[in-house]
Amino acid sequence: MKTPTIVKPDTAKSGANMTDYDAFRADFSWDDARALIDGLPDGKLNICHEAIDRHVAAGHGDQLALRWIDKAGNRTDFTYAEMQRQTNKFANVLRARGLQKGDRVYSLHGRVPELYIAALGTIKAGCVFCPLFSAFGPEPIHSRLEIGGGNAVVTSARLYKRKLKGLRDRLPALREVFLTDGEAEDCVHLAPLMDAASDAFDIEPMDPEETALLHFTSGTTGKPKGVVHVHAAVAAHHTTGRLALDLHPGDTYWCTADPGWVTGTSYGIIAPLTNRVSMIIDEAEFDVDRWYDTLEREKVNVWYTAPTAIRMLMKAGAGAMEGHDFSNLRFMASVGEPLNPEAVVWGNENFGMPFHDNWWQTETGGIMIANYACADVKPGSMGRPMPGIQAGVVEVTDEGAHELTEPLAMGELALRAGWPSMMRMYLNQEERYNKCFSNGWYLTGDQAMRDSDGYFWFVGRSDDLIKSAGHLIGPFEVESALMEHAAVAEAGVIGVPEETAGEIVKAFVALKPGNEPSDDLLLDLMGHARKKLGPAVAPKSIEFRTNLPKTRSGKIMRRLLKARELGLPEGDISTLESDES
Ligand code: ATP
Ligand code: MG
């Protein structure tokens, strides 16, 4: 909170979709936002109509919708008109194979055009789309298909043989597997079916409250939950894309998230297309040089990424940026994990603009709290609630949730229920769903503070809070302080039980290249943390690691650091990526 505010010049604000946060917020209504959505006759709706068909009908069929960069660096372009034809074909293929409205179609694929066509074509046909991350192993795939009652999967022969084939007899609802390539028994080939299918399709008119998407949470705190979203959510996707990411029609936009996670669908497929931007899709995984090349060569205007990636770019140093021209970049945003103030400032110094942190969850379906193009940025803050969203810090007692209005009071982050993209249920977990609501508030499970300017500050997940000698300590504050040390690339902080203090703060730290763990460095880090945080909050113990355990979407799994530290069961680790802790 001590990092100076980044004041936006008027030039940065003037062309934004929202030029004055307070005035816009005061005037905003979700009905007005819904009016930006085309809709279908008789009050019906279909997300795919808003994403693709409406733009073609309005004469924008020739505009680039999606540019796919394959692993080798080749580019393939799809216009909006082509996407309309392809999604019509895919919807016809589903019908031809007996898949009806309401059936669940999953994807298990890397980032290839077929995945995007399947997602939108599924929704167009009134089926429910559920993305799986292609790096999942067989068991996580099985449980997600079982919970959601998956009827069809779109995948590749390689992924099918390695991960899905052996599960078929345990998945009675799974009737159809579409292969984008190769050969495998009990599967059908997508390409010939697509070739044979008509490129005309009458889009399925959906009731706004009918299901469009099933998403599984990241599993950071426990077993992933199946979250249901409906077609009406598109009003929130569209508006948050306009306001929080400042998407303008014709922008070149790059969302680095995989559609296996909600960010890669809400902001990697739906919101950009409803806002008629041209999307960049990169098939390859993170690579510093490739990312800088892509930003420059594709002339990206708006870039939406995540703290882990930003930290890796920072780790690579300024040298990697040398010689690149990023003058087309207008807006950079980050989500998924707390963004350390250090990273926001680094963005400002190196790209000439800060990373705009925003906060949301699978359950909220869209961005809820954000830093905006028109607003000054307080590094380390998630920003302010979206127009149409009332956020509060609450305390939950036996009488339910009550708002804490005092500035900087710490409590659970909560949102007034009722925005269009709010989850409609946790699949098969009604009780758990009901527990998320109290006195009209949706309880997020995160801890936060609001300052006197209305900016929200993330403290930590409720499960990760540390109670030490009467202090309540959020891991984010400690991690951010450690990140400010020149040798630190990443930090994960947990509470470890201790007799006198209740818990003590323990930090796990990964170093930047060129730094080696040593007793001297340890002492230096301890001193640095004490100076920044004071002795009550600074870690009592610091351990060096080459890597911290993360989910595949890049979130540090503090619960796993803790379980390993204490020798406790590891719990559900289906979404674990790096396992070198
Ligand atoms: P699970 O619910 O299964 O434990 P998850 O909460 O990580 O997993 P997601 O819905 O993908 O699943 O992530 C939402 C969570 O990510 C938020 O509740 C919050 O803890 C964290 N998060 C997202 N954006 C931010 C942000 N800008 N700052 C801090 N934390 C964030
Ligand atoms: Mg969660």
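Residues numbered from 1 in each chain as written. Chains lettered and ligands numbered in written order. Predicted model: local features only at pLDDT ≥ 70, side-chain atom pairs only at ≥ 80, totals over all residues. Heavy atoms only, no water.

A. Broad picture of the site of ligand 1. By nearness alone, 21 residues border ligand 1, and T217, G219, T220, T221 and T362 come closest of all. S218 has a polar side-chain atom sitting 2.7 Å from an oxygen atom of ligand 1. At a separation of 2.7 Å, an oxygen atom of ligand 1 approaches a polar side-chain atom of R461. When the free accessible area of ligand 1 is taken as 630 Å², the share hidden by the protein chains comes to 96%. For the shell around ligand 1, the secondary-structure elements that each account for two or more residues are β14 (355-359) and β23 (456-461). (Near = heavy atom within 4 Å. Polar contact = N/O pair within 3.5 Å; in protein donor to acceptor, adjacent residues only side chain to side chain. Areas by Shrake-Rupley, 256 points an atom, 1.4 Å probe, with all protein chains shown as cover. Helix = DSSP H or I, 4+ residues; strand = E, 2+ residues; numbered from the N terminus.)

B. Quick look at the state of the cysteines. The final tally for this structure, using the stated rule, is 0 disulfides. For C130, which is in no disulfide, the shortest distance to another cysteine sulfur is to C127 and amounts to 13 Å. Between C436, a free cysteine, and C130, which holds the nearest cysteine sulfur, the sulfur-to-sulfur gap is 19 Å. (Disulfide = S-S within 2.5 Å.)

C. Spotlight on the packing of helix α7 (residues 138-148) against helix α8 (residues 157-164). Where α7 contacts α8, the two axes come as close as 9 Å, and the packing angle between them is 90°. Judged on the interaxial angle alone, α8 and α7 are roughly perpendicular. Touching P138, I141 and L145 of α7 are R162, K163 and L164, all from α8. Taken together, the residues that form the contact of α7 with α8 break down as 4 nonpolar, no polar and 2 charged. (Axes fitted to C-alpha atoms, helices over the stretch in contact; angles between N-to-C directions. Parallel < 35°, antiparallel > 145°, perpendicular 65-115°, else oblique. Contact = heavy atoms within 4.5 Å. Nonpolar A, V, L, I, M, F, W, Y, C, P; charged D, E, K, R; others polar.)

D. Spotlight on the pairing of strand β2 (residues 75-79). In this structure, strand β1 (residues 64-69) lies alongside β2, joined through 5 bridges in antiparallel fashion. Each bridged residue has a counterpart across the sheet, and for W68 the counterpart in β2 is T76. Where β1 hands over to β2, the hairpin turn is made up of 5 residues, of which G73 adopts a positive phi near 100°. (Pairing = 2+ DSSP bridges.)

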